[in-house]
Each structure stands twice: as structure tokens, then as C-alpha cells.
Amino acid sequence: MSLILETDRLVLRELEASDARQLRLLNENLNVYRYTGDGPLADDEEASAILRDRIFPQYRLHGVGRWAVEQKADGSFIGWCGFKFMPETGVYDLGYRFFEAFWGRGLGTEAAAACMTWFSKRFPGKLVEGRSRIENLGSIRILEKVGLQRVGEENDLDGRVFVYRARV
């Protein structure tokens, strides 16, 4: 396990191939994927392909990534949080996704705030962006609480979204 950081209640680590099933289960929840535009994954192999082709290269090539989020108390996988570098724009996307059972407890904010602190120490002056469907009030609150400012609104693959940014 490659530990990235810890908070009072959480451990964030690099995702591993063995997390494919958890990623698939996370994307099966209607209330999770209605805000992401991704939809359910066909099977664990599709989740493995996302890890292999999208997530693991971010760790190697850009020093960032989407990280597994586990509860410190019992080690249970509750979602992911972290960054994705977008080379076409030079921006680092802050993203997160949690099982619905863990919504409303401040865990998303706790994970995202820890990620922003981590990022600001390693990538000072870089631009962080977050996007949220305009109806996803929980996600909007997280972006605002961790210091991103709304800079616009646009259509993207997820539907109508607010765009948030911060230079750290």
C-alpha cells in the first residue's frame, strides 16, 4: 500500500488493482452516477481497465492521482478523492466520489481539504479546478469549503456544471 496522507478519520492511499471491485460497486449506485455522467461499469474488468489506463499513469507521469479513501477506524473503502492532471489545459482537476452511505458526514470535505493541503505543498502556483453538476449541492459545498471559487458555468459531458478554480 502506498500511503499518501492521513486525516483524523481517513487514510488516503494509491488505488491498487485489487480495488477494481470497489470502483465497480461505487459506480453502480444511481445516486452516485447521476452526478458523474459515467454510469455503471460492466464488470470488474472494466474497472480494472480504468485503473490501468487512466488512474495508474497519473501516478507515474504527473505525481498525482485519484486515491482510495478508507476509514481509519476499520480500514473500509468508502470512495476516492484526488487529482487528475489534464495536459491539454495544464490544470489539475480535483475530484471525489464516495459511497452514498458516507455522504453528509463531512468526509468528502475532510478528504478534499487534505488533498488541497498536500497539493499546495508539492505544486505551488498551479491551477486546481473542480466541476460540479449545478444540482449537486453537496459537491458544490465541498469545492467552496476547500477554497475553490466559482468562475463560470458550462455544459460538459456531465450536463450543466459550475466550474471552480483556485491557484494554490
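Here goes a summary of the coordinates provided. (Residues numbered from 1 in each chain as written. Predicted model: local features only at pLDDT ≥ 70, side-chain atom pairs only at ≥ 80, totals over all residues. Heavy atoms only, no water.)

1. Description of the overall build of the protein chain
Then, number 1: Within the protein chain, the secondary structure is distributed over five helices and eight strands.
Then, number 2: For the protein chain, whose C-alpha radius of gyration is 15 Å, the value lies close to the compact-globule estimate of 15 Å for 168 residues.
Then, number 3: Once the C-alpha set of the protein chain is aligned to its principal axes, its extents read approximately 35 × 35 × 35 Å.
Then, number 4: Buried positions account for 49% of the 168 residues belonging to the protein chain.
Then, number 5: Here the protein chain has roughly 8500 Å² of accessible surface; of this, 49% comes from carbon and sulfur atoms.
Then, number 6: Charge separation in the protein chain, taken as the distance between the mean sites of 24 positive and 25 negative side-chain charges, equals 5 Å. (Helix = DSSP H or I, 4+ residues; strand = E, 2+ residues; numbered from the N terminus. Rg over C-alpha atoms; globule rule 2.2 N^0.38 Å. Buried < 20%, exposed > 50% of the residue type's maximum accessible area, 1.4 Å probe, protein only. Areas by Shrake-Rupley, 256 points an atom, 1.4 Å probe, with all protein chains shown as cover. Lys, Arg positive; Asp, Glu negative; His and termini not counted. Charge placed at Lys NZ, Arg CZ, Asp CG, Glu CD.)

2. Let's talk about the layout of surface pockets
A water-sized probe rolled over the atoms picks out the places where empty space is left.
Then, number 1: Size it by volume and the largest pocket reaches roughly 1600 Å³.
Then, number 2: Elements that contribute at least two residues to the lining of the largest pocket include exactly α1 (20-28), α3 (44-62), β4 (77-86), β5 (91-98), α4 (107-122), β6 (127-133) and α5 (137-145).
Then, number 3: Per-element accounting of the lining of the largest pocket gives the leading share, seven residues, to β5. (1 Å grid on protein atoms, 1.4 Å probe; cavity = no way out; pocket = protein on both sides within 12 Å on 5 of 7 lines; lining within 4 Å. Points joined across faces, edges and corners; volume = space filled by probe spheres on them.)

3. As for the sheet that holds strand β7 (residues 149-156)
Then, number 1: Taken in spatial order, the eight strands make up an open sheet running β1-β2-β3-β4-β5-β6-β8-β7, and their pairing is mixed. At either end of the open sheet lies a strand with only one pairing partner, and these are β1 (3-6) and β7. The average angle at which neighbouring strand axes cross in this sheet is 25 degrees, direction not considered.
Then, number 2: Here β6 pairs with strand β8 (residues 159-167) via seven bridges, running antiparallel. Within β8, the residue paired with Leu127 across the bridge is Arg167.
Then, number 3: Lying on the sheet, α1 is in contact with β4 and β5; it crosses β4 at an angle near 95 degrees.
Then, number 4: Its contacts with the sheet put α5 on β5, β6, β7 and β8, and the angle it makes with β6 is roughly 160 degrees. (Pairing = 2+ DSSP bridges. Axes fitted to C-alpha atoms, helices over the stretch in contact; angles between N-to-C directions. Contact = heavy atoms within 4.5 Å.)

4. Examining the side chain of Arg13
Then, number 1: Here Arg13 is to be found in strand β2 (residues 10-14).
Then, number 2: On the basis of relative accessible area, Arg13 is assigned to the buried category, the value being 5%.
Then, number 3: In terms of polar contacts, Arg13 uses its side chain to reach the side chain of Asp19, at 2.8 Å. (Polar contact = N/O pair within 3.5 Å; in protein donor to acceptor, adjacent residues only side chain to side chain.)

5. Considering the nonpolar core
Then, number 1: Grouped together as the largest cluster of nonpolar side chains are 48 residues, with contacts concentrated most on Leu12, Cys81, Phe83, Leu94 and Leu148.
Then, number 2: Element by element, the count of residues in this core is highest for α4, at eight residues. (Core = buried A, V, L, I, M, F, W, Y, C linked by side-chain atoms within 4.5 Å.)

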